[in-house]
Amino acid sequence: MHEALYAKFENQFEDPDFYIEGELVALAARAIRELPEDYRKAFEMNRFGNLTYNEIAERTGVSSKTIAYRISQSLKILRTELKDYMPLLLTLLY
């Protein structure tokens, strides 16, 4: 039993940054999943799908201003939800 637990957490003991990065990614992913659906879709299409506001607007049938608002609100929510982790997230990104 001890061997199984050690094997499970071996990477965390050998590389604590691996554990911290995994936890931060999980927190960010959860925060994104919890966004209102329209906000989340627009945010994901822009940030992960590399689509412009106009491209997202065409695909979703709303104006580009609506898409801009949804993404802006998504970022605002994410900043609030992840505010305690921002210094760590920024070090991972740069």
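How each quantity is defined
Residues numbered from 1 in each chain as written. Predicted model: local features only at pLDDT ≥ 70, side-chain atom pairs only at ≥ 80, totals over all residues. Heavy atoms only, no water. Helix = DSSP H or I, 4+ residues; strand = E, 2+ residues; numbered from the N terminus. Buried < 20%, exposed > 50% of the residue type's maximum accessible area, 1.4 Å probe, protein only. Contact = heavy atoms within 4.5 Å. Areas by Shrake-Rupley, 256 points an atom, 1.4 Å probe, with all protein chains shown as cover. Core = buried A, V, L, I, M, F, W, Y, C linked by side-chain atoms within 4.5 Å. Expected span 1.5 Å × (residues − 1). Arc of directions from axis to C-beta. pLDDT = per-residue confidence, 0-100. Phe/Tyr/Trp six-rings, centres within 6.5 Å; stacked < 30°, edge-to-face > 60°. Salt bridge = Lys/Arg side-chain N within 4 Å of Asp/Glu carboxyl O.

1. Considering the overall build of the protein
Helix and strand counts for the protein come out as six helices and zero strands. From first element to last, N terminus to C terminus, the protein shows the α and β order α-α-α-α-α-α. Within the protein, the fraction of its 94 residues that count as buried is 22%. Looking at the protein alone, contacts between residues at least 24 apart form 51% of all its contacts between residues at least 6 apart. Carbon and sulfur atoms provide 55% of the accessible area of the protein, an area that totals close to 7100 Å².

2. Things to note about the nonpolar core
Counting residues in each nonpolar core, the largest one holds 10 residues, listed as L24, L27, A28, A31, I32, L35, Y39, F43, L78 and L82. For this core, the element with the highest residue contribution is helix 2 (residues 16-33), accounting for five residues. Setting aside chain neighbours within four positions, we find F43 in contact with I32, F48, I71, S74, L75 and L78. With six residues, the next largest nonpolar core counts L51, I56, I67 and I71 among its residues.

3. A few points about helix 5 (residues 64-81)
In this model helix 5 runs 25 Å from its N-terminal to its C-terminal C-alpha over 18 residues, within 8% of the 26 Å that 1.5 Å per residue would give. Every buried residue belonging to helix 5 is among I67, R70, I71, Q73, S74 and L78, and all of these are buried. One side of helix 5 holds all its buried residues, which, seen down the axis, span an arc of 165°.

4. A look at the confidence of the model for the protein
For the protein, mean pLDDT is 83; residues scoring 70 or higher make up 72% of the total. Highest mean pLDDT in the protein belongs to helix 4 (residues 53-60) (98); lowest belongs to helix 1 (residues 2-14) (53).

5. Remarks on the packing of aromatic side chains
Tallying each qualifying case throughout the model produces two aromatic pairs. Between Y39 and Y69, the ring centres sit 6.4 Å apart and the planes meet at 85°, which makes this aromatic pair edge-to-face. Of this pair, Y39 sits in helix 3 (residues 37-47) while Y69 is found in helix 5, placing the two residues 30 residues apart along the sequence. Here Y39 falls in the buried class, since its relative accessible area comes to 18%. Seen from their ring centres, F43 and F48 are 6.0 Å apart, and the 90° between their planes marks the pair as edge-to-face.

6. A few points about the side chain of R70
Among the secondary structure elements, R70 is positioned in helix 5. If sequence neighbours within four positions are ignored, R70 has contacts with D38, Y39, A42 and V62.

7. Brief notes about the pattern of salt bridges
Between side chains of opposite charge, a pair can form when the charged atoms approach closely. Taken as a whole, this structure holds four salt bridges when the rule is applied. Residue D38 pairs with R70 through a salt bridge whose shortest N-O separation is 3.8 Å. In this pair, D38 is assigned in helix 3 and R70 in helix 5, connecting sequence segments 32 residues apart.

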